[in-house]
Amino acid sequence: MSESSFEDHAEFQRSAEPYVDVRALGSGTREALTRYVQAIADDAMLIGHRDSEWTGLGPILEEDIAFSSMAQDEIGHALVLYRLLHDHLGAPDPDGQAFMRDAPHWRNAVLCELPRDDYAFSLMRRALYDLAVAMRYDALRASAWQELAAAAAKLLQEKKYHIIHDRTFVSRLGRATEESRERLQHALDRAFPYSLALWEPVENEPVLVSAKIVPRSADLARQWLDRICVFLVASGLKPPAHPDDATGAWVSEVAMSAVGARAGKHSEQLVELLAAMQGVYRSEVGAIW
Amino acid sequence: MYGDPSSEPTPEDRETSGEMPFYTREWHFDPYHQALSFAREHAPLRSEADTEWLLWEVFQQAHRGEHHTHVGSLHAPDAELALVLAKENYARRGPCVNLWVIPANQIHATDYDDADVFEHTTDKSYREPSGYHGLRKAMIKGRGGIQPESTVGVESEDE
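All values derive from a computational prediction rather than experimental measurement.

**With respect to the overall build of chain A**
If you tally the helices and strands in chain A, you get nine helices and two strands. Going from the N terminus to the C terminus, chain A shows its helices and strands as α-α-α-α-α-α-α-α-β-β-α. Relative to the compact-globule value of 19 Å for 289 residues, chain A shows a C-alpha radius of gyration of 19 Å, a close match. For chain A, the spread of C-alpha atoms along the three principal axes comes to 55 × 50 × 35 Å. Here chain A holds 289 residues, and 41% of them are scored as buried. Of the contacts made within chain A by residues no fewer than 6 positions apart, 76% connect residues no fewer than 24 positions apart.

As structure tokens, this is what we get:
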């Protein structure tokens, strides 16, 4: 098994300065930080929910179990981040955040709320998402907010397997049969513009960047685009992007889809998802299981 | 055909067909998973020869230095995917530092009809540690010469 390493974040390295005290930050910075952590927590929560819809329906039994387990991992990651918000930034408890918020209050990228579609789409979505999130967590290990850095280090550990899983399946299916390649390519064409929006910054991100609490999303987006495109091409697929003649850096040929999701602008599918995901909890709030 | 349930002689066939007494018949080592015989015959290590993916046996090592233990089996088209799937199917709960996957068609097994060869019909207790219980005491106390009092650390029979 090959492993991935994401250690080239020269722009965002932990300096010798002490960690920031999150409680002492100005209210504008705290709000921006809440938005940022909520965005990545909501991504994990909803892709976890969508992928859990494969339980019992997976393409083969073994992958059904593996994919479901990875879905649970994501919900676990969301829980870690919701706890951070609750413990340090005054958000409701994790259940309250996950089950009592209506669609306009969710900050996930639309990629994560789209219906599962066929397995090719769900797999491709994971491949695009997992690499992006692993790179984000990797960078966040250098955050000036100590608790966030520690959480990112913990979550990154589980992303390693997710990436091994995605790469193994995508690289084989991309070169297996004409049908498998076509279905993956179709999934890629559909998911790719949405995946760019994983990097849509939350409002006021620059104050977090200058406080060295989070890396600049645009920097990570560029590095991610290079890596994911090289991988997709090696898997027999054609990303809607090309390497720049002069610099060699990959340039997307399509625009970001669904801009505004980090500020609460979502598709109808999120409303339907939340009805399914929150229904039981809301039917008896506070029930003990 | 070797390992093919349809053409393979039944235990009754084997016992009645030859003139040799039953205890001289050839040992019969079946592929552990006989449904793979078709794929085995046509292309032993190519998954497309089978109607489904190859079967792999999974062995898990809980801690370094320990034996790998058989934990189950799964289907996968090749060894790398078998390892990827084995991680979530078998190693997601208990401790694990290492996994093996082995093509099930590479495992050969004895026949349950031959299970009688493993039976012990005479006293084989000398092969077990417990078979030696009390032997040292008997050697010390018996045949004269050495008194029990002079044997430090050897428990007496009374205890």
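**Here we look at the confidence of the model for chain B**
All names here are of chain B. Here chain B averages 72 in pLDDT, and 54% of its residues register 70 or above. When the elements of chain B are averaged for pLDDT, strand E1 (residues 30–31) gives the smallest value, 50, and strand E4 (residues 98–103) the largest, 95. For residues 1–5, every residue scores under 50 in pLDDT, and the model assigns this stretch ten contacts once sequence neighbours within four places are set aside. Scored as a complex, the prediction yields pTM 0.80 and ipTM 0.81.

**Observations concerning the nonpolar core**
Residue and element names in this part refer to chain A. Ranked by internal contacts, the top residues of the largest apolar core, which has 74 residues, are Tyr36, Leu81, Leu111, Met124, Leu131 and Ala197. For this core, the secondary-structure elements that each account for two or more residues are helix H1 (27–52), helix H2 (61–89), helix H4 (119–140), helix H5 (146–173), helix H6 (178–196), helix H8 (217–234) and helix H9 (268–283). Sorting elements by how many residues they give to this core places H4 first, with 15 residues. Not counting residues within four places of it along the chain, the set of residues in contact with Leu131 comprises Ile163, Trp224, Arg227 and Ile228.

**Remarks on the packing of H4 of chain A against H5 of chain A**
All names here are of chain A. At a minimum axis distance of 8 Å, the contact between H4 and H5 shows a crossing angle of 150 degrees. Compared by their axis directions, H4 and H5 come out roughly antiparallel. For H4 against H5, the interelement crossing comes out left-handed. Here Leu123, Arg126, Ala127, Asp130, Leu131, Val133, Ala134, Tyr137, Asp138 and Leu140 of H4 come into contact with H5, specifically with Leu148, Ala149, Ala152, Leu155, Leu156, Lys159, His162, Ile163, Asp166, Phe169 and Val170. Residue composition of the contact of H4 with H5, by class: 15 nonpolar, one polar and five charged.

**A few points about the pairing of strand E2 (residues 54–61) of chain B**
Residue and element names in this part refer to chain B. Along E2, six of the eight residues are buried, which leaves the element largely enclosed by surrounding structure. Strand direction decides the pairing type here: E2 and E4, joined by six bridges, are antiparallel. By the bridge assignment, Glu57 is partnered in E4 with Ile102.

**Let's talk about the sheet that holds strand E3 (residues 69–76) of chain B**
All names here are of chain B. The strand order E3-E2-E4 describes an open sheet built from three strands, whose pairing is antiparallel. Of all the strands in the sheet, just E3 and E4 have a single pairing partner and so form its edges. Averaged over all neighbouring strand pairs, the angle between strand axes comes to 30 degrees, with direction disregarded. Helix H3 (residues 79–90) rests against E2, E3 and E4 of the sheet, and its axis sits at about 120 degrees to E3.

**Topic: unusual backbone geometry**
Residue and element names in this part refer to chain A. Non-glycine residue Asp117 carries a positive phi angle of around 60 degrees. Locating Asp117 in the fold gives a position in the loop between helix H3 (94–99) and H4. Using a count of 15 C-beta atoms within 10 Å as the deciding quantity, one classes Asp117 as partly exposed. For Ala258, which is not a glycine, the phi torsion comes out positive at approximately 65 degrees. According to the C-beta neighbour criterion, Ala258 is partly exposed, with 19 such atoms within 10 Å.

**Some words on the interface of chain B and chain A**
At the junction of the two partners, chain B supplies twelve residues and chain A supplies eleven residues. Elements supplying a minimum of two residues to the side of chain B that touches chain A: E3 and H3 of chain B. Among the elements that take part in the side of chain B that touches chain A, H3 of chain B stands out by supplying eight residues, more than any other. The residue inventory of the side of chain B that touches chain A, partitioned by class, reads six nonpolar, two polar and four charged.

**Observations regarding the environment of Glu74 of chain A**
Residue and element names in this part refer to chain A. Along the chain, Glu74 turns up in helix H2. Given 28 C-beta atoms within 10 Å, Glu74 falls into the buried group. With 39 residues separating them along the chain, Glu74 and Glu113 place their C-alpha atoms 13 Å apart. Setting aside anything within four residues of it in sequence, one finds Glu74 in contact with Ala44, Ile47, Gly48 and Asp51.

**A short note on the confidence of the model for chain A**
For chain A, the average pLDDT comes to 93, and 94% of its residues sit at 70 or higher. Contacts of residues 1–7 of chain A to residues separated by more than four positions or lying in other chains number ten contacts, the stretch itself having pLDDT below 50.

Thresholds applied
- Residues numbered from 1 in each chain as written.
- Chains lettered and ligands numbered in written order.
- Predicted model: local features only at pLDDT ≥ 70, side-chain atom pairs only at ≥ 80, totals over all residues.
- Helix = DSSP H or I, 4+ residues; strand = E, 2+ residues; numbered from the N terminus.
- Rg over C-alpha atoms; globule rule 2.2 N^0.38 Å.
- Buried ≥ 20, exposed ≤ 12 C-beta atoms within 10 Å, placed from the backbone.
- Contact = placed C-beta atoms within 7 Å.
- pLDDT = per-residue confidence, 0-100.
- Core = buried A, V, L, I, M, F, W, Y, C linked by C-beta atoms within 7 Å.
- Axes fitted to C-alpha atoms, helices over the stretch in contact; angles between N-to-C directions.
- Parallel < 35°, antiparallel > 145°, perpendicular 65-115°, else oblique.
- Left-handed = near helix turned anticlockwise from the far one by under 90°.
- Nonpolar A, V, L, I, M, F, W, Y, C, P; charged D, E, K, R; others polar.
- Pairing = 2+ DSSP bridges.

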